[in-house]
Amino acid sequence: MLILPPDRAGFPAQGPSRRFPLNSILKSTKQWFQGKNLLALGILVASLLLVACDANAKQSTFGTAGPVAEKQLLLFNVLLWVMVVVFILVEGALLYAAIRFRRRPGQPLPKQTHGNTVLEITWTVIPTILILGLGVWSVITLFEIDKPPASAADNILDVTVTGHQWWWEFEYPDADGNGTVITTANELRVPVGRAVEVLLQSDDVIHSFWIPKLAGKVDVVPTRNNRLWFLADEVGTFYGQCAEFCGIAHAQMKFQVEVLSQEEYDAWVAGYGQEPQLSAEAQQGKALFATCSSCHTSTGVDDPVVVDARQTAFLNGEPRVPAPNLTDFATRQTFAAGLAEVNRENLRIWLNNPDDIKPGNRMGELAAIYSDGEIVFSQQDVSALIEYLLSLK
Amino acid sequence: MATATDVIARPASASGLWSWITTVDHKRIGILYGVTAFMFFLLAGVEAGVIRMQLAVPDNTLVSPDVFNQMFTMHATAMIFMAIMPMGAAFFNYIIPLAIGARDVAFPRLNAFSYWTFLFGALLIHTSFVVQQVPDAGWFSYANLTEKPFSTGLGIDFWALGLQVLGVASLAAAFNFVVTIINMRAPGMSLMRMPLFVWMTLITSILLVLAFPVITVGLIELTFDRLFGTNFFNTAGGGDPILWQHLFWVFGHPEVYILILPAMGIVSEVLPTFSKKPLFGYPVVVFSGIVIGIMGWMVWSHHMFTVGLGPVANSVFTITTMLIAVPTGVKIFNWIGTMWGGSIDFKTPMLFALGFIALFIVGGLSGVSHAVSPSDAQQQDTYYIVAHIHYVLFGGSIMGIFSGIYYWFPKMTGRLMNEGLGKLNFWLMFVGMNITFFPMHFLGLNGMPRRIYTYTSDYGWDWLNLLASAGYFVLFAGVAVFLINFIKSVKNGQVSGHDPWDAPGLEWTIASPPPVYNFAKVPQVVGLDHYWLVKRRAEAEGNPITGPEAYVDPETIHMPNTSYWPIVTAFGALVLAAGFLVEFPWPYIKFPIPFIGGIIAFIGVLGWSLEPAAPEAHHGSEAHH
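Bear in mind the structure is a predicted one, so any value in this text is a computation, not a measurement.

A.B. asks: Looking at this structure, I do not really get the overall build of chain A. What am I missing?
C.D. replies: Along its length, chain A carries 10 helices and 14 strands. Its C-alpha radius of gyration of 30 Å places chain A more than 25% over the 21 Å reference for a compact globule of 393 residues. Residues counted as buried form 48% of the 393 residues belonging to chain A. The contacts in chain A between residues at least 6 apart in sequence include a share of 65% that link residues at least 24 apart. Total accessible area on chain A stands at roughly 19,100 Å², and carbon and sulfur atoms take up 60% of it. On chain A, the mean spot of the 30 positive side-chain charges and the mean spot of the 41 negative ones are 20 Å from each other.

Take a look at the structure:
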């Protein structure tokens, strides 16, 4: 409780004595921030800023590899330099005013100005013009990148992306121009130099589809059919992740875009869903996989009716949920939405306790192969299951 | 009931806990608001610490993803609704009546009701920690993640119900301040003679009155979805999750100005005082505040650029959002114009005001870069946005609020805060804030999304995160120095006199701390910067003013009396809302507790209406005048 003392007239010129030598510390600090030290600090800060914009980082918006991200970056770069200039001018004026007009001992009351109409109109009109100019250019860019250019119109690859808590499903309604349908997960494979138009869908909550080096994000909203397009100029792996908070494993909802040469892409499409060669152990694993197949498909394209039934079951509180299609599992680099490299050790960790790799995932929560957080299969069965999964190519 | 309330007299105690519970004095309510809000500021600051410690290094397992999600949800919810807004309310309460020459607000009991409702709403949300079912869907709680299949447990219910209670508090306070400012100004104080802080409070209050009903609609629909199975946002039942986003941001964007305009008002008081020059272009600063208040309603969809509203909608909101930078920029230029040619005294309030301008410029500029929707497609929901909002809310609102605390502390306590500690406080917060939040710009541009509880070291985000986390400790030290300074100064601060800064406002004409009646004689306002005019005139006449307005016997001035009913009514509102957390397995009546709350609130309102005017137990005709 505040005890408020009554007002007393008078206002002593000296403060009370302090044990802590605060003023001298402040003074020596002030002296330090002068001359060479200040210059060194400035150079240090400037070089830190340069290092901080890292075009090589996996998801850097500076390391663009396609026209959509490039146009977005160009706009940002121009805005950035305008911002830098305005920053220097305005902060400079502020600093100058603060230093130049600091109070000096014995100074009389300054001239009491109340405003200056010409000045005030000037500093209203100039920013307005600047902003409208940038605004018009922004709107032009906005329409430019909204749809693929007409030149690419007859050669567009359509992909339907479905965001699930917490992984990505990719469906190709026509992967090769001959009506080949493909369903895969977490790794989007596209041919280089071809425009890809993505239809964004969700059957649970809102996600956001984002591949920083290829295109800015567009939200994946249930009830909506949002679209996004991108084109990759170069072969390689590009990383993305969900950008709209979507629940406990939001941080772990990653994916990658594999940009392949046309030949590699064609080979993958042609090989998709072929009957895999199974060893005896893998055969045994396939039998065990029957339990898994209530959520996972491993033998080709997903049937939408089956997927819908899984989702309805989940919403009704049953232990089923749409889960990644595993048909071409062994050809993928990673599993668990980009979290772990596909290899025996990681798969064993995952199968024994998925939460060790991805806390909060639905498999650990719902799958029938767990009881009290322990897998009901023997380690031999787990090995067989891994063998089966690694045969899926 | 009428007979019952007739025999319940007005409470009469003038000191002790009971006097605070029944108080209707705007100054006491202001202190209650300020102290409570500061507690929540500290709590939300600790939550921020958990976030920063978890993200300090890659693959960290300090907290689980559950706890992390709860931390960022409660950090933002508490900072926005329980710290910054009520700290603004603390200043409105304490300062506005003094600044307009009034003896209290228009509705003193409603004012007390606002505070208690705010306190109860804030406690209701925080009770979620006690029952371990903490809100975890973000302060924006986007549907349909908040619907039952995706958010089981009571966390979202705590959040939605608590915010509805807080909304009642905000609305009651806002109505009160609109009426107070419009009706209770001292003679001579025309609108264009009102101090800037009063103007910004008026605009903020109008924004609150218009914005809170919108979020209330959303919150009621969300509550209905969760408790009664409606389908407003439930996609499986045909609901639309984007409807929530529109409702939330039609409220949410004006809310941003609700948070920043009071700070702009404070800075517009502090700069002229410490530059010894009137505010440069007063009418322009006033009108740019009004324009911001109006344009704040035309920009909400810039929070939704990636939702898929289409290029036409995105174009419109790009242009309107960019244009709002103009009135904001004009304010900054006018503040610099105020300093230009002045005689600047770098006392702590002035340092915080300068810090506000310097940091708000950064936040304003980054704001323009994501006003541009194609560029925002890369920045939306990344740390770039986190950097931006902290430059405007910490660099802006919090710096402004600290400026206000240092500025008006002597008025509230009669003592000055320690200058040395104040400067240390400022520099620690200024430097700490930049170390914490500036690297986040780069994190965002390097592709780090918001609200992720972990990251791996192959993304190149490690050292920037570590730097940001290190900055937290500097900020923490700054706030600790403030607390030490505050506690020391309340007890032993240098006695300030009534007008330590040679300030222009009416509040400085009276004693510090002000007597319960504020002004012995209702002042006659002679112009903008009233007290400067009065003091300069007195100096010119060779008769300078050295002391405050003289004390008079408080018994000779009629002041509003204390009352039990505001806290009773507020408690009823709390029970009404909290009752929806407990479902009974009964047919028909699943939620009986809200009825009890309704009855308590009804009794409160009835007692309120029939309360006798005087503290003595009057009967008969006098009570029914």
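Next comes the rest of the account.
A.B. asks: I tried to follow the interface of chain A and chain B on my own but got confused; where do I start?
C.D. replies: Contacts between the two partners involve 106 residues from chain A, matched on the other side by 121 residues from chain B. A combined buried area of about 9,500 Å² lies between chain A and chain B, and 68% of that area is made up of carbon and sulfur atoms. For the pair chain A and chain B, the interface holds three salt bridges. Here Arg103 of chain A ties to Asp345 of chain B by a salt bridge, and the two come within 3.4 Å at their closest N and O atoms. In this assembly, chain A and chain B are joined by 22 residue pairs in polar contact (both at pLDDT 80 or more). Elements that contribute at least two residues to the side of chain A that touches chain B include exactly helix H1 (22-32), helix H2 (35-52), helix H3 (67-100), helix H4 (117-144), strand S7 (215-220) and helix H7 (304-315) of chain A. The leading source of residues in the side of chain A that touches chain B is H4 of chain A, at 16 residues.

A.B. asks: How should I be thinking about a nonpolar patch on the surface in this particular structure?
C.D. replies: Together, Trp32, Leu38, Leu41, Leu44, Val45, Leu48, Leu49 and Val51 of chain A together with Trp463 and Leu467 of chain B line one region of the surface with nonpolar side chains, adding up to about 830 Å² of accessible area. Secondary-structure elements contributing two or more residues to the nonpolar patch are H2 of chain A together with helix H16 (462-492) of chain B. Here the nonpolar patch gets seven residues from one element, more than from any other, and that element is H2 of chain A. If you trace the backbone, Trp32 of chain A turns up in helix H1.

A.B. asks: Hey, could you run me through the pattern of salt bridges in this one?
C.D. replies: Oppositely charged side chains can pair when the atoms bearing their charge come close. By the definition in use, this model includes 22 salt bridges over all chains. Note that Lys147 of chain A is salt-bridged to Asp146 of chain A, the shortest N-O span being 3.5 Å. On the accessibility criterion, Lys147 of chain A (56% relative accessible area) is exposed. Here Glu365 of chain A makes a salt bridge to Arg362 of chain A, at a shortest N to O gap of 3.6 Å. In this pair, Glu365 of chain A and Arg362 of chain A are both assigned in helix H9 (residues 362-366), three residues apart and thus about one turn of the helix distant. Since its relative accessible area comes to 51%, Glu365 of chain A is described here as exposed. By sharing partners, the salt bridges in this structure join Lys276, Asp499, Asp502, Lys535, Arg536 and Glu539 of chain B into a single network.

A.B. asks: I tried to follow unusual backbone geometry on my own but got confused; where do I start?
C.D. replies: Most peptide bonds adopt trans geometry, and most residues besides glycine take a negative phi value. Looking along the chain, the bond that leaves Ala143 of chain B and enters Asn144 of chain B is cis, with omega of -5 degrees. With respect to the helices and strands, the residue Asn144 of chain B is situated in the loop between helix H5 (108-130) and helix H6 (155-183). In this model, Ser512 of chain B is joined to Pro513 of chain B through a cis peptide bond whose omega is -10 degrees. Relative to the elements of secondary structure, Pro513 of chain B occurs in the loop between H16 and helix H17 (530-540). Notably, Thr223 of chain A is not glycine yet its phi reads approximately 80 degrees, a positive angle. Topologically, Thr223 of chain A is positioned in the loop between S7 and strand S8 (226-230). Its identity is not glycine, yet Ala336 of chain A carries a phi of approximately 60 degrees, on the positive side. With respect to the helices and strands, Ala336 of chain A occurs in the loop between strand S11 (334-335) and strand S12 (340-341).

A.B. asks: Could you clarify how one ought to interpret the confidence of the model for chain A in this entry?
C.D. replies: When pLDDT is low, close inspection of the predicted coordinates is not appropriate. Residue and element names in this part refer to chain A. With 94% of its residues at a pLDDT of 70 or more, chain A shows a mean pLDDT of 89. H1 is the least confidently modelled element of chain A, averaging 71 in pLDDT, while strand S6 (residues 207-211) averages 97, the highest of any element. Predicted confidence is poor over residues 1-17, with pLDDT under 50, and the contacts of this stretch with residues over four places away or in other chains come to 38 contacts.

A.B. asks: So what exactly am I meant to see when it comes to the nonpolar core here?
C.D. replies: If you look at soluble globular proteins, the nonpolar side chains tend to sit buried side by side. Ranked by internal contacts, the top residues of the largest apolar core, which has 259 residues, are Tyr172, Phe209, Phe230 and Val257 of chain A together with Phe81, Trp116 and Phe356 of chain B. With 23 residues, helix H4 (residues 65-99) of chain B is the largest single contributor of residues to this core. Here Phe81 of chain B is in contact with Pro86, Phe118, Trp139, Leu163, Leu166, Phe212, Phe251 and Glu255 of chain B, once residues within four sequence places are set aside.

A.B. asks: So what exactly am I meant to see when it comes to the sheet that holds strand S5 (residues 196-202) of chain A here?
C.D. replies: Backbone hydrogen bonds hold the strands of a sheet together, and the pairing may be parallel or antiparallel. Residue and element names in this part refer to chain A. One open sheet accounts for five strands, arranged S3-S2-S1-S5-S8; its pairing is mixed. Each edge of the open sheet is held by one strand with a lone partner, namely strand S3 (182-185) and S8. Averaged over all neighbouring strand pairs, the angle between strand axes comes to 25 degrees, with direction disregarded.

A.B. asks: What should I look at first to understand helix H11 (residues 325-339) of chain B in this one?
C.D. replies: Note on helix geometry: an α-helix contains 3.6 residues per turn, so any two residues three or four positions apart are oriented the same way. Given a rise of 1.5 Å per residue, 15 residues ought to cover 21 Å, and the 21 Å separating the end C-alpha atoms of H11 of chain B matches this to within 8%. With 13 of its 15 residues buried, H11 of chain B lies for the most part within the structure.

A.B. asks: Looking at this structure, how should I read the pairing of strand S2 (residues 167-172) of chain A?
C.D. replies: Within a regular strand, side chains alternate between the sheet's two faces. Residues and elements named next belong to chain A. The buried fraction of S2 is high, at five of six residues. Bridge count between strand S1 (residues 157-164) and S2: five bridges; the pairing is antiparallel. Bridge pairing links Gly163 to Trp168 in S2. Hairpin remark: S1 followed by S2, antiparallel, with two residues in the connecting loop. As paired elements, S2 and S3 share four bridges and run antiparallel to each other. Counted as the bridge partner of Tyr172 is Ile182 from S3.

A.B. asks: Is there a simple way to think about a negative patch on the surface in this case?
C.D. replies: Residues and elements named next belong to chain A. A cluster of acidic side chains, namely Asp158, Asp174, Asp176, Glu263, Glu264 and Asp266, defines a negative patch on the protein surface. Considering the arrangement of structural elements, one finds Asp174 in the loop between S2 and S3. Taking the relative accessible area as the measure of exposure, Asp174 reaches 33% and is therefore partly exposed.

A.B. asks: Looking at this structure, I do not really get the pairing of S8 of chain A. What am I missing?
C.D. replies: Residues and elements named next belong to chain A. Along S8, four of the five residues are buried, which leaves the element largely enclosed by surrounding structure. Relative to S8, S5 is paired through five bridges, and the arrangement is antiparallel. Note on S8: the bridge partner recorded for Val196 is Phe230.

A.B. asks: Even after reading the chapter, I still don't get the domain arrangement of chain B, so can you show me in this structure?
C.D. replies: Accessible area lost on assembly of the parts is the figure often given for the size of an interface. All names here are of chain B. Domains assigned within chain B are domain 1 (1-224 + 503-625) and domain 2 (240-465 + 478-492). At the junction of the two partners, domain 1 supplies 67 residues and domain 2 supplies 67 residues. Together, the buried faces of domain 1 and domain 2 total about 5,900 Å²; carbon and sulfur atoms form 76% of this surface. Our count for the contact surface shared by domain 1 and domain 2 stands at 17 residue pairs in polar contact (both at pLDDT 80 or more). Every element with two or more residues in the side of domain 1 that touches domain 2 is listed here: helix H3 (26-55), H4 and helix H7 (196-228). Among the elements that take part in the side of domain 1 that touches domain 2, H7 stands out by supplying 18 residues, more than any other. Looking at side-chain class alone, the side of domain 1 that touches domain 2 contains 53 nonpolar, eight polar and six charged residues.

A.B. asks: Sorry if this is basic, but what is going on with the environment of Ala89 of chain B here?
C.D. replies: Its place among the elements puts Ala89 of chain B in helix H4. Counting along the chain gives 58 residues from Ala89 of chain B to Ile31 of chain B, while the straight-line C-alpha distance between them is 10.0 Å.

Basis of the calculations
- Residues numbered from 1 in each chain as written.
- Chains lettered and ligands numbered in written order.
- Predicted model: local features only at pLDDT ≥ 70, side-chain atom pairs only at ≥ 80, totals over all residues.
- Heavy atoms only, no water.
- Helix = DSSP H or I, 4+ residues; strand = E, 2+ residues; numbered from the N terminus.
- Rg over C-alpha atoms; globule rule 2.2 N^0.38 Å.
- Buried < 20%, exposed > 50% of the residue type's maximum accessible area, 1.4 Å probe, protein only.
- Contact = heavy atoms within 4.5 Å.
- Areas by Shrake-Rupley, 256 points an atom, 1.4 Å probe, with all protein chains shown as cover.
- Lys, Arg positive; Asp, Glu negative; His and termini not counted.
- Charge placed at Lys NZ, Arg CZ, Asp CG, Glu CD.
- Buried area = accessible area lost by both parts, 1.4 Å probe.
- Salt bridge = Lys/Arg side-chain N within 4 Å of Asp/Glu carboxyl O.
- Polar contact = N/O pair within 3.5 Å; in protein donor to acceptor, adjacent residues only side chain to side chain.
- Patch = residues over 30% accessible without salt bridge, like charges linked within 9 Å, V, L, I, M, F, W, Y side chains within 5 Å.
- pLDDT = per-residue confidence, 0-100.
- Core = buried A, V, L, I, M, F, W, Y, C linked by side-chain atoms within 4.5 Å.
- Pairing = 2+ DSSP bridges.
- Axes fitted to C-alpha atoms, helices over the stretch in contact; angles between N-to-C directions.
- Expected span 1.5 Å × (residues − 1).
- Domains from an automatic or database assignment.
- Nonpolar A, V, L, I, M, F, W, Y, C, P; charged D, E, K, R; others polar.

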